[in-house]
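# Structural description and commentary
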Amino acid sequence: MKYITIALAKGRLAKKTLAMFEQIGITCEEMKDETSRKLIFVNEELGLRFFLAKANDVPTYVEYGAADIGIVGKDTILEEGRKLYEVLDLGIGKCKMCVCGPESSRELLQHHELIRVATKYPNIAKDYFYNVKHQTVEIIKLNGSIELAPIVGLSEVIVDIVETGATLRENGLTVLEEIVPLSARMVVNQVSMKMESDRIGKIIEDIRKYLAGGK
Ligand code: PRP
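Quick caveat, the model's predicted, so the values are computed rather than measured.

## Details of the nonpolar core
Within soluble globular proteins, side chains that are nonpolar generally end up buried alongside one another. Membership of the largest hydrophobic core comes to 40 residues, with the highest contact counts inside it found for Phe-21, Phe-50 and Ile-207. For this core, the elements supplying multiple residues, two or more each, are β1 (4–9), α1 (12–23), β3 (48–53), α2 (58–63), β4 (69–73), β11 (184–188) and α9 (197–212). Per-element tally for this core: the top contributor is α9, with six residues. Ignoring any residue separated from it by four or fewer positions in sequence, one finds Phe-21 in contact with Ile-6, Leu-8, Ile-26, Phe-50, Ile-71, Met-186, Ile-203 and Ile-207. The next biggest cluster of nonpolar side chains, apart from the first, holds 17 residues, and it includes Val-99, Val-117, Phe-129 and Leu-176.

As C-alpha cells, this is what we get:
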C-alpha cells in the first residue's frame, strides 16, 4: 500500500493538529518527541507518513505531490497561491490578517497616500492595496518582528497577523483595517484527491465529523 503523506506546518499548529488527528484514531507517537531531529515519521499500520516543514513550504510540497495532504494556515495558502484543493477549515489557529500601525497612520489609509507597507506577506498586501483599496503603496518584505517597522520609521503601516493583539498593544500600535480572517486549513494535492479518493476522503470525513461534534 502506498503511503499517504501528510505535511504539517512546524510550530504551534502542528501540536494542535496532531491532537486532532489523535481524536480520529490517527496517531504518531514518534512525532511527539520534541528532542528528536528526525524529519519524517511513519505509521506503518495506517500506511501514513508525516513530516514537519516550514509553513511557507507546505503548499509547495502539496502542489508537487510530495505530500498528499497539508495542514497550514490560510495566510500561507493565500500568500503562496499554489494549485491545490482547500478541503477543510480546522477552526484552529484562528487570527486575522490586518493593516496595523500607529493611530496617526489611519488617515494615510483614507487619503490613498503613497505609503510604505512592511510585511512578511507581500502578495497578500499587494492584492489588498492594489485590487481592493486601489491605493498605490511601496511594499517592503520583512521576515519577522514586523511590528518594529513603524516604530523605527521603516514604514507607515504593516500587514501582519493579529491573534490576541498583545504584540500591537505592547508596542503602541493598533489594528487600522481588517483584511481577512484566518485559521488552519487542510489542503490536498489535486491528483491525490482523485487517485486516493477513498483513503483521503475518509480522513476528511472523519475530521469533518469530529469538528461537527463540537471537539
Ligand atoms: C505573529 C505575528 C505577530 C504576532 C501576533 O508573530 O507576526 O507578530 O504573532 O500575535 P498577538 O496578536 O497574539 O500578539 P510570530 O510570533 O509568529 O513571530 P514573527 O513576528 O517573528 O513573525
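## So, the packing of α1 against α9
Running from N to C, α1 and α9 cross one another at 95 degrees; their axes reach a closest spacing of 10 Å. The orientation of α1 relative to α9 falls into the category roughly perpendicular. Of the residues in α9, those in contact with Met-20, Phe-21 and Gln-23 of α1 are Ile-203, Ile-207, Tyr-210 and Leu-211.

## A short note on the environment of Lys-141
Position of Lys-141 among the secondary structure elements: in strand β8 (residues 138–141). C-alpha of Lys-141 to C-alpha of Asp-33: the two residues are 108 residues apart in sequence and 34 Å apart in space. Excluding its chain neighbours within four sequence positions, the residues that come into contact with Lys-141 are Thr-119, Lys-120 and Pro-122. Among the polar contacts made by the side chain of Lys-141, one reaches the side chain of Asn-143 at a distance of 3.3 Å.

## Looking at the layout of surface pockets
Looking at the largest pocket, its volume works out to about 1,100 Å³. What lines the largest pocket is a set of 40 residues, and nearest its centre among them are Arg-12, Asp-75, Lys-120, Tyr-121 and Ile-161. Of all elements in the fold, only α1, β4, α3 (74–80), β9 (157–162) and α7 (166–169) reach the threshold of two or more residues within the lining of the largest pocket. Sorting elements by how many residues they give to the lining of the largest pocket places α3 first, with five residues. Grouping the constituent residues of the lining of the largest pocket by class yields 14 nonpolar, 12 polar and 14 charged. Of the volumes computed, that of the second largest pocket is approximately 490 Å³. With six residues, the top contributor of residues to the lining of the second largest pocket is α1.

What counts and how
- Per chain, the residues get numbers from 1 upward, laid out in the order the sequence is written.
- With the structure being a predicted model, the display of local features is reserved for residues of pLDDT at least 70 and the display and counting of side-chain atom pairs for 80 or more, all residues being used for whole-chain, interface and lining totals.
- For the side-chain quantities, the full set of heavy atoms in the structure was used; hydrogens and water were omitted.
- In plain words, nonpolar cores are sets of buried Ala, Val, Leu, Ile, Met, Phe, Trp, Tyr and Cys residues tied together by side-chain atoms within 4.5 Å.
- In this scheme, a residue with accessible area under 20% of its type's maximum is buried, one over 50% is exposed, and one in between is partly exposed, where area comes from a 1.4 Å probe on protein chains only.
- Numbered from the N terminus, helices here are DSSP runs of H or I no shorter than four residues, and strands are runs of E no shorter than two.
- Two residues form a contact once any of their heavy atoms are found within 4.5 Å.
- Lines fitted to C-alpha atoms define the axes here, with helix axes fitted over just the stretch in contact, and angles between the N-to-C directions of these axes take values from 0 to 180 degrees.
- Each angle gets one of four labels, with under 35 degrees taken as roughly parallel, over 145 as roughly antiparallel, 65 to 115 as roughly perpendicular, and the rest as oblique.
- Counting of polar contacts relies on pairs of N or O atoms within 3.5 Å, with two restrictions inside protein: one atom must be capable of donating a hydrogen and the other of accepting it, and residues adjacent in sequence are counted only when both atoms are side-chain atoms.
- Cavity and pocket criteria rest on a 1 Å grid covering protein atoms alone: a 1.4 Å probe that fits but cannot get out defines a cavity, protein on both sides within 12 Å along at least 5 of 7 lines defines an open pocket, and an atom within 4 Å of a point defines a lining residue.
- Grid points are joined across faces, edges and corners, and a volume is the space filled by probe spheres set on the points.
- Polar here means any residue outside two lists: the nonpolar Ala, Val, Leu, Ile, Met, Phe, Trp, Tyr, Cys and Pro, and the charged Asp, Glu, Lys and Arg; Gly therefore counts as polar.

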